[in-house]
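Examining the three-dimensional arrangement
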Amino acid sequence: MRRHPVAQMVIVGAIASAIGIVLALVIDWFPADAADQAGPIDTLYDVLMIVSVPVFVLVTTVVLFAVWRFRMRPGQEKQDGPPIHGNTRLEVIWTAVPAILLVSLCSYAYAVLHDIETKHDDQLVVHVTGQQFAWRFRYPQAGGRAIETTALVLPKDRPVLFKVHAEDVIHDFWVPAFRVKIDAVPGITTEVRATPTRLGRYPVVCAELCGLGHAVMRSTVSVVSPAAYDRWLARQSAPAGGAPTGGEDGEAGGGEAGGGDLAAAGRATFTTNCGSCHTLADAGTSGTVGPDLTTALRGQDEAAIREDIVDPDKRIASGYQAGVMPGNFAETLSADEIDGLVAYLASVSR
Ligand code: CUA
């Protein structure tokens, strides 16, 4: 028995929708979840999929089916369609159903947002700064100098409030494992919260096209036990001279730095400002955005090194592009910091 064309259309649409939902739920869209916020966000995402996939698939299949089933046949060129003027019942339904869906989903999304942004009393505040093309992290210390790093270290199970800044253009601070993402906008401070719940190392990504080096504007977050975090903090705030991040035995670098204090300070400036883009064995950094300075520095004198820092586009190493390294270090670093950097890099180049 042949079914009515409209019944055929509804059956085809329903089958396609069922397949769409199964596919949407079977595919594993997310990386490991490493924060409290991940659970409710993933559930919200699944609900959005379950509601929106059938709507999309149903509308698309009905349109395609109608185009095929009711197409013009030979001999029908001069015929007109049946004289129909609207269908009030249908129009009320297709206005009311999407309206109810939208309002419900918005309310649910608002409730989830409110839940994951709950303020906690024992929160850890970390300042995140995006700059072409690296992330910097600053940990304010009560009554002491803030600690600055190029990789995030966070204690497990402690709520973190990220205060996000940008130095130049709009970036976007994204930790996929935390499901946390917020724009870094010059001139304002944006905020986002996460409570890490799983030990491990996860990527930190820039999710806003910000220039030539956008794709390599990455860092890592290490979620460690609270005791390991305290040890790390103590190491970071130890007086300059020791190995800032590397974990190498401090004697190798500190002991025989010819320029003394200046070069030691320069080494610290290097790990904070340059290490996320440049590899340098002596400083224990491993960035790959710019040239590997372990070899590129050889035979360079102080004048050349200084010029490469303050005017990076004047002389580009082969295989690298102009415009990737920030050209404003003469403004963002103090004269003392640049002197230290030059003294340190010159000492390493010998
Ligand atoms: Cu910073 Cu993309």
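Let us look at the structure shown here. (Residues numbered from 1 in each chain as written. Predicted model: local features only at pLDDT ≥ 70, side-chain atom pairs only at ≥ 80, totals over all residues. Heavy atoms only, no water.)

Check the secondary structure of the chain and you find 10 helices and 12 strands. Taking 2.2 N^0.38 as the reference for a compact globule, 350 residues should give roughly 20 Å; the C-alpha atoms of the chain span a radius of gyration of 29 Å, well beyond that estimate. Each of the three principal axes of the chain carries a C-alpha extent, and together these read 95 × 50 × 35 Å. Split into buried and exposed, the 350 residues of the chain put 36% on the buried side. Residue pairs at least 24 apart in sequence account for 65% of intrachain contacts in the chain once pairs closer than 6 positions are excluded. With 28 positive and 38 negative side-chain charges, the chain shows a separation of 11 Å between the mean positions of the two kinds. (Helix = DSSP H or I, 4+ residues; strand = E, 2+ residues; numbered from the N terminus. Rg over C-alpha atoms; globule rule 2.2 N^0.38 Å. Buried < 20%, exposed > 50% of the residue type's maximum accessible area, 1.4 Å probe, protein only. Contact = heavy atoms within 4.5 Å. Lys, Arg positive; Asp, Glu negative; His and termini not counted. Charge placed at Lys NZ, Arg CZ, Asp CG, Glu CD.)

Further remarks concern a nonpolar patch on the surface. A cluster of nonpolar residues, Ile11, Ile15, Ile19, Leu23, Ile27, Trp29 and Tyr45, forms a patch on the protein surface that exposes about 650 Å² of accessible area. In terms of residues, the nonpolar patch owes the most to one element, helix α1 (residues 5–26), which gives 4 residues. Structurally, Tyr45 is set in helix α2 (residues 38–69). Under the relative-accessibility criterion, Tyr45 is labelled partly exposed at 33%. (Patch = residues over 30% accessible without salt bridge, like charges linked within 9 Å, V, L, I, M, F, W, Y side chains within 5 Å. Areas by Shrake-Rupley, 256 points an atom, 1.4 Å probe, with all protein chains shown as cover. Salt bridge = Lys/Arg side-chain N within 4 Å of Asp/Glu carboxyl O.)

In the structure shown here, the tally under the stated rule is 11 salt bridges. Where Arg179 meets Asp42, a salt bridge forms, and the shortest distance between an N and an O atom there is 2.8 Å. Of the two residues, Arg179 sits in the loop between β6 (171–175) and β7 (180–184) while Asp42 sits in helix α2, which places them 137 residues apart along the sequence. Classification of Asp42 as buried rests on a relative accessible area of 15%. The partner of Glu307 in a salt bridge is Lys314, and the shortest N-O contact between them spans 3.3 Å.

Sheet faces and side chains relate simply in a regular strand, where the side chains alternate between the two faces. Pairing between β6 and strand β9 (residues 200–206): 2 bridges, direction antiparallel. Bridge pairing in β9 places Trp174 opposite Val205. Looking at chain direction, β9 and strand β10 (residues 218–224) are connected through 6 bridges and run antiparallel. From the neighbouring strand, Arg201 faces β10, where its bridge partner is Ser222. (Pairing = 2+ DSSP bridges.)

Our next topic: the environment of Asp311. With respect to the helices and strands, the residue Asp311 is situated in the loop between α8 (302–310) and α9 (329–332). For Asp311, a relative accessible area of 35% corresponds to the partly exposed category. A sequence separation of 141 residues divides Asp311 from Ile170, and the C-alpha atoms of the two residues are 23 Å apart.

On to helix α6 (residues 261–273). Here α6 spans 18 Å end to end across 13 residues, near enough to the 18 Å set by a 1.5 Å rise per residue. Turning to α6, its buried residues number three or more, namely Ala263, Gly266, Arg267, Thr269, Phe270, Thr271 and Thr272. Where the residues of α6 are buried, they touch β2 (134–139), β3 (147–149), β11 (279–280), β12 (285–286), α7 (293–296) and α10 (335–349). (Expected span 1.5 Å × (residues − 1).)

The next point concerns the packing of α2 against helix α3 (residues 88–116). Close contact between α2 and α3 brings their axes to 10 Å; oriented N to C, the two are set at 170°. Considering the angle they form, α2 stands roughly antiparallel to α3. Side by side, α2 and α3 meet where Pro40, Ile41, Thr43, Leu44, Val47, Leu48, Val51 and Val55 of the first sit next to Leu101, Leu105, Tyr108, Ala109, Val112, Asp115 and Ile116 of the second. Residues belonging to the contact of α2 with α3 are distributed by class as follows: 13 nonpolar, 1 polar and 1 charged. (Axes fitted to C-alpha atoms, helices over the stretch in contact; angles between N-to-C directions. Parallel < 35°, antiparallel > 145°, perpendicular 65-115°, else oblique. Nonpolar A, V, L, I, M, F, W, Y, C, P; charged D, E, K, R; others polar.)

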